[in-house]
Amino acid sequence: KRKDENINSQEQKNIKKDSEYVVLEEEIIKILREKNQPIQAREISQITGRTREHVSRTLKNMADKGIVKREKKGKIFLYSLKSDS
């Protein structure tokens, strides 16, 4: 029984984590639509109140999924919505 409780607890943590990413992805999409120009993760972080690392990781995942475009300019990355998103 104890093992089942641990699995359920871990599943609940994973579901919560997944839903937090979905919420952040939706916030990022809204921000990128409103800005309508490439912006840095730092600016999105300031708007959302999330850490830059959290935002950057989410943006990279979104780029890997084809939701956002990720352009490197010198040492920074700029993010924008892909035209079909």
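Residues numbered from 1 in each chain as written. Predicted model: local features only at pLDDT ≥ 70, side-chain atom pairs only at ≥ 80, totals over all residues. Heavy atoms only, no water.

Let's talk about the overall build of the protein
The condition is simple: Helix numbering and strand numbering both begin at the N terminus, where a helix is a DSSP run of H or I of at least 4 residues and a strand a DSSP run of E of at least 2. When a residue's accessible area, from a 1.4 Å probe over protein chains only, is under 20% of the maximum for its type it is buried; when over 50% it is exposed; and in between it is partly exposed. Any two residues having at least one pair of non-hydrogen atoms within 4.5 Å are treated as being in contact.
Along the backbone of the protein there are three helices and two strands. Reading the secondary structure of the protein in the N-to-C direction produces α-α-α-β-β. Relative to its 85 residues, the protein shows a buried fraction of 28%. Restricting to contacts in the protein with at least 6 residues of sequence separation, those with at least 24 account for 46%.

Notes on the nonpolar core
Short version of the rule: Take the buried residues of types Ala, Val, Leu, Ile, Met, Phe, Trp, Tyr and Cys, join any two whose side-chain atoms come within 4.5 Å, and each joined set is a nonpolar core.
Core analysis: the biggest nonpolar cluster contains 15 residues, and Ile28, Leu32, Ile44, Val55, Leu59, Met62 and Val68 have the highest contact counts within it. The dominant element in this core, judged by the number of residues it contributes, is helix α1 (residues 2-35), at five residues.

Concerning helix α3 (residues 52-64)
Counted only if it meets this: Given a helix with a known number of residues, its expected span is that number minus one, times 1.5 Å.
Here α3 spans 18 Å end to end across 13 residues, near enough to the 18 Å set by a 1.5 Å rise per residue. Within two residues after α3, Gly66 carries a phi angle of roughly 85°, on the positive side.

Focus on the pairing of strand β1 (residues 68-73)
The two faces of the sheet receive side chains in turn, since in a regular strand these alternate between them. Note the following rule: Criterion used throughout: strands pair if DSSP finds at least two bridges between them.
Both β1 and strand β2 (residues 76-81) contribute to a ladder of six bridges, which runs antiparallel. When the sheet's bridge partners are listed, Arg70 is paired in β2 with Tyr79.

Looking at the packing of aromatic side chains
Stated precisely, the cut-off is as follows: We call Phe, Tyr and Trp rings a pair once their centres come within 6.5 Å, taking the six-membered ring for Trp, and we label the pair stacked below 30 degrees between planes, edge-to-face above 60, and tilted otherwise. Charge-over-ring contacts are defined here by two conditions on Lys NZ or Arg CZ: a distance within 6 Å of the ring centre and an angle within 35 degrees of the ring normal.
Scanning the entire structure with this criterion turns up one aromatic pair. Where Phe77 meets Tyr79, the ring centres are 6.5 Å apart and the plane angle is 40°; that geometry is what we call tilted. The ring of Phe77 has Arg70 sitting right over it, with the charged end atom 3.7 Å from the ring centre.

Brief notes about the side chain of Ser56
Relative to the elements of secondary structure, Ser56 occurs in helix α3. What makes Ser56 buried here is its relative accessible area of 17%. Setting aside residues up to four positions removed in sequence, Ser56 forms contacts with Ala41 and Tyr79.

Some words on the confidence of the model for the protein
Predicted coordinates in regions of low pLDDT should not be interpreted in detail. As a reminder of what qualifies: A score from 0 to 100, pLDDT tells how confident the predictor is in each residue.
Chain-level statistics for the protein give a pLDDT mean of 84 and a share of 74% at 70 or above. Looking at the elements of the protein, mean pLDDT is at its lowest for α1, recorded as 74, and at its highest for helix α2 (residues 41-48), recorded as 95.

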